[in-house]
Each structure stands twice: as C-alpha cells, then as structure tokens.
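Observations on the model geometry
Here are the chains, one letter per residue:
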Amino acid sequence: MLIIEPVHGRLKKYDVPLYKRDNGQYVLHRILKVREQDYVICGDNRWSKEYGITDKHIIGVLTAVVRDGKEISVNDRKYKLYVHLWCDLFPVRAFVVHVIHKLQRISRRKCS
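Below is a summary of the structure that appears in this document.

Each value, and the rule that gives it
Residues numbered from 1 in each chain as written. Predicted model: local features only at pLDDT ≥ 70, side-chain atom pairs only at ≥ 80, totals over all residues. Heavy atoms only, no water. Pairing = 2+ DSSP bridges. Helix = DSSP H or I, 4+ residues; strand = E, 2+ residues; numbered from the N terminus. Axes fitted to C-alpha atoms, helices over the stretch in contact; angles between N-to-C directions. Core = buried A, V, L, I, M, F, W, Y, C linked by side-chain atoms within 4.5 Å. Buried < 20%, exposed > 50% of the residue type's maximum accessible area, 1.4 Å probe, protein only. Contact = heavy atoms within 4.5 Å.

A closer look at the sheet that holds strand β6 (residues 50–53)
Ordered in space as β4-β5-β6, the 3 strands form an open sheet in which the pairing is antiparallel. At either end of the open sheet lies a strand with only one pairing partner, and these are β4 (30–34) and β6. Neighbouring strand axes in the sheet, compared pairwise and without regard to direction, differ in orientation by 35 degrees on average. When strand β5 (residues 39–42) meets β6, the two strands line up antiparallel, connected through 2 bridges. Within β6, the position partnered with Tyr-39 by the bridge is Ile-53.

Quick look at the nonpolar core
A general tendency of soluble globular proteins is for nonpolar side chains to be buried together. Counting 11 residues, the largest nonpolar core is built from Tyr-14, Val-16, Leu-32, Cys-42, Leu-62, Val-65, Tyr-79, Val-83, Cys-87, Phe-90 and Ala-94. Every element with two or more residues in this core is listed here: β7 (58–67), α1 (77–88) and α2 (90–111). The leading source of residues in this core is α1, at 3 residues. Beyond its immediate sequence surroundings of up to four residues, Leu-62 is in contact with Leu-2, Ile-3, Ile-4, Val-16, Val-74 and Tyr-79. Counting 9 residues, the second largest nonpolar core, distinct from the first, contains Tyr-19, Val-27, Tyr-39 and Ile-41.

Next up, the structure:
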C-alpha cells in the first residue's frame, strides 16, 4: 500500500509524485531533476525519462510505503539509501533495465 498526501509547494529531487498526464493516464514516478518550469521524471523500473510534467499535473506525493503491515517513511535511512543508489546510478540502471526488457521480449518470441 502507498500513502499519498497533498503537495505543499514545489517538489524536490527524489520525490515521488502522483500525476495525471495530458492523455488522462495516472502515473507514480520519481523526480530525477527539478527544472524551473517542470520536472524530469522516471519510474524506478524504466529507462526513459519523461519531460514536461509541471505542478499543474501533480495530484499528490508519496510519503510512505506499507509493506507486510509496516509503514516505511520516505525519510527512512534505508529508503533514502535505496533512492540515492538507484537514481544517482541512473545510466547504469537504465542500461540494465533496458537489457532485461529486451531479453524478456526475445524470450517471449521464442516461446510463441
């Protein structure tokens, strides 16, 4: 379960906003960069960045995750370590996730 709360002011790098794209799709992805007019955002299991998400798109922001009945705040030390490693090593992560998706696609074709 995820705990999403209303946004108060501009978001920061590593925040996880819930936003609505112009096409009406709801998305929960992490901010990689805060720019003057918008945010650069990418999901943790994605390799391509999304641009042009503005404050008007944002509905709320992730404040905690509940796993096995235990609430883990986004301010938890272990959570922050995961976030920094995962985001700061984005080029490596993007490459690994991209390769895994390609291998899965090849595997599915062979099984068909």
